[in-house]
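# Understanding the architecture of this molecule
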Amino acid sequence: MTAATPDSVRHDWAVDEAMDLLALPFSDLIYRAQSVHRRYFDANTVQVSQLLSIKTGACPEDCKYCPQSTRYDTGLEKEKLLEVEKVLREARAAGAAGATRFCMGAAWRSPKQKDMPYLVEMVRGVKELGLETCMTLGMLTAGQADEFAEAGLDYYNHNLDTSPEYYGEVITTRSYDDRLDTLANVRAAGLKVCSGGIMGMGESLRDRAGLLVQLARLPQHPESVPINMLVRVEGTPLAEEAELDPIDFVRTIAAARIMMPQSHVRLSAGREQMDESTQALAFLAGANSIFYGEKLLTTANPAANRDMDLFRRLGIEPEGGALGDRLPAACPRRKVDHPQYYDAARA
Ligand code: SAM
Ligand code: DTB
Ligand code: SF4
């Protein structure tokens with residue numbers, strides 16, 4: 001075995017090492033993250049995913065951050081599993097607006113067997129539209145993961161959310177090991193793994209380091225690592241949590257980039273509450289994926305034209321080619337919606 005260089009792909013990270021990264025002077029941390037980022041990715045390309053809640057609210061789980069838990073009164077209107085046709089209409093619109101991956105989320109502890117045929121149909125239909133597919137439906141058995149792999153699902157999202165030590169403060173209705181089991185089932189089925197966590201839930205720096213270490217010690221790093229900033233929703237137990245320092249958030253992104261150099265790190269929930277300079281810093285720290293479109297699952301996300309404008313100002317290209325190059329010449333969205341973006345891109 002050859003000796004590992006400091007920034008090669010490693011699976012033996014220790015919590016103290018992750019803590020040391022988080023404690024670096026900010027410029028040193030960003031420089032190191034940028035250097036790693038440029039070794040594995042084009043630094044000016046960002047993957048664009050769009051989310052859709054295919055089943056909303058009335059979730060039996062007690063995740064303290066979540067507006068969809070039945071235990072908290074957040075005024076959310078619940079909705080049963082959407083019809084396949086409706087999901088496909090939304091996916092078509094997401095593709096036309098420039099997303100390359102369509103992520104379908106359900107407020108479930110785990111999918112029921114009776115729902116599987118519909119879910120499989122959704123995966124097949126979205127793929128036929130030429131989009132990558134991702135689902136996040138709670139815990140999966142090995143058999144369900146195999147069914148999704150057979151249907152051609154590309155990614156399965158299942159977050160560890162926080163460190164094993166802090167986890168019990170946030171969720172009591174399923175264990176950390178349950179989450180790791182689902183990730184193992186997803187990986188064994190040959191699906192790509194999307195797994196990350198939430199910052200700003202009252203966790204310590206060591207908990208953030210602990211989460212990153214859990215992800216980076218997996219036998220294979222998740223291909224996609226969403227780093228969410230808590231969206232504080234009224235009615236949830238975490239609604240009154242102190243606002244997270246944006247610099248600390250960016251530090252976590254940088255550490256994730258260094259520890260999982262080949263993964264897409266997603267600047268995930270919380271962008272609507274974040275200023276654009278913080279988002280720019282997050283891209284500088286190695287974030288190279290976002291959720292796009294004005295809604296996450298149930299909460300607001302920046303409008304698409306604002307994101308395209310930000311991309312233009314930062315010289316970022318959406319992964320998979322410029323939006324204008326992928327839309328058919330006759331498509332009315334080509335220039336009408338984002339004229340500034342195209343004018344600058346073609347100048
Ligand atoms: N019910 C499934 C589950 O929990 O795995 C899938 C949907 S759930 C909403 C997906 C993820 O969204 C959670 O694991 C959590 O990381 C994230 N999330 C939920 N509410 C959030 C909030 N208020 N702020 C930030 N992230 C949130
Ligand atoms: C992830 O890590 N973040 C997304 C997605 N995976 C499913 C969800 C964010 C949800 C934010 C709160 C809401 O909109 O309900
Ligand atoms: Fe349910 Fe998922 Fe929300 Fe937890 S995060 S309450 S499992 S929808």
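Residues numbered from 1 in each chain as written. Chains lettered and ligands numbered in written order. Predicted model: local features only at pLDDT ≥ 70, side-chain atom pairs only at ≥ 80, totals over all residues. Heavy atoms only, no water.

### Let's talk about the site of ligand 2
Taken together, the neighbourhood of ligand 2 is formed by 14 residues, with Asn159, Asn228, Leu297, Thr298 and Thr299 sitting nearest. Here Asn157 contributes a side-chain N or O atom positioned 3.4 Å from a nitrogen atom of ligand 2. Leu297 has a polar backbone atom sitting 3.1 Å from an oxygen atom of ligand 2. Relative to its free-state accessible area of 410 Å², ligand 2 is covered by the protein chains to the extent of 88%. Partitioning the shell around ligand 2 into residue classes produces seven nonpolar, seven polar and no charged. (Near = heavy atom within 4 Å. Polar contact = N/O pair within 3.5 Å; in protein donor to acceptor, adjacent residues only side chain to side chain. Areas by Shrake-Rupley, 256 points an atom, 1.4 Å probe, with all protein chains shown as cover. Nonpolar A, V, L, I, M, F, W, Y, C, P; charged D, E, K, R; others polar.)

### Notes on the confidence of the model for the protein chain
Across the protein chain, the average pLDDT comes to 90, with 90% of residues at 70 or higher. Low confidence marks residues 324–347, where pLDDT is under 50. Its contacts with residues over four positions away, or in another chain, come to 42 contacts. (pLDDT = per-residue confidence, 0-100. Contact = heavy atoms within 4.5 Å.)

### Brief notes about unusual backbone geometry
Here Ala58, not a glycine, exhibits a phi torsion of approximately 60°, which is positive. Along the polypeptide, Ala58 turns up in the loop between strand 1 (45–55) and helix 3 (84–97). By relative accessible area, Ala58 is classed as partly exposed at 40%. At Asp161, a position not held by glycine, the phi torsion is positive, near 75°. (Helix = DSSP H or I, 4+ residues; strand = E, 2+ residues; numbered from the N terminus. Buried < 20%, exposed > 50% of the residue type's maximum accessible area, 1.4 Å probe, protein only.)

### A word on the environment of Arg174
Tracing the chain through its elements places Arg174 in the loop between helix 6 (164–170) and helix 7 (176–188). Separated by 113 residues in sequence, Arg174 and Glu61 have C-alpha atoms that sit 7.8 Å apart. If near-sequence neighbours (up to four positions away) are discounted, Arg174 is found in contact with Glu61, Trp108, Arg109, Gly138, Met139, His158, Tyr167 and Arg179. Side chain to side chain, Arg174 and Glu61 meet in a polar contact 2.9 Å long.

### With respect to the pairing of strand 9 (residues 289–292)
Put simply, side chains in a regular strand alternate between the two faces of the sheet. Residue alternation in strand 9 divides its side chains into two sets, Ser289 and Phe291 and Ile290 and Tyr292, and both sets are buried. Here strand 8 (residues 264–267) runs beside strand 9; their pairing, made up of two bridges, is parallel. What sits directly across from Arg266, in strand 9, is Ser289. Taking the sense of rotation as the criterion, the β-α-β connection linking strand 8, helix 10 (residues 276–284) and strand 9 turns out right-handed. (Pairing = 2+ DSSP bridges. Right-handed = clockwise from strand over helix to strand, strands pointing away.)

### Things to note about the packing of aromatic side chains
Under the definition given, this model contains two aromatic pairs. Ring centres of Tyr167 and Tyr176 lie 5.3 Å apart, and the angle between their planes is 85°; this geometry places the pair in the edge-to-face category. Just as Tyr167 is buried, Tyr176 falls in that class too. Ring centres of Phe283 and Phe311 lie 6.2 Å apart, and the angle between their planes is 80°; on these two criteria the pair is classed as edge-to-face. Taken as a pair, Phe283 in helix 10 and Phe311 in helix 11 (residues 304–314) lie far apart in primary sequence, 28 residues in all. Among the residues examined, Phe283 registers a relative accessible area of 7% and is labelled buried. Stacked on the ring of Trp13, the Lys or Arg Arg10 has its end atom at 4.1 Å from the ring centre. (Phe/Tyr/Trp six-rings, centres within 6.5 Å; stacked < 30°, edge-to-face > 60°. Lys NZ or Arg CZ within 6 Å of the ring centre and 35° of its normal.)

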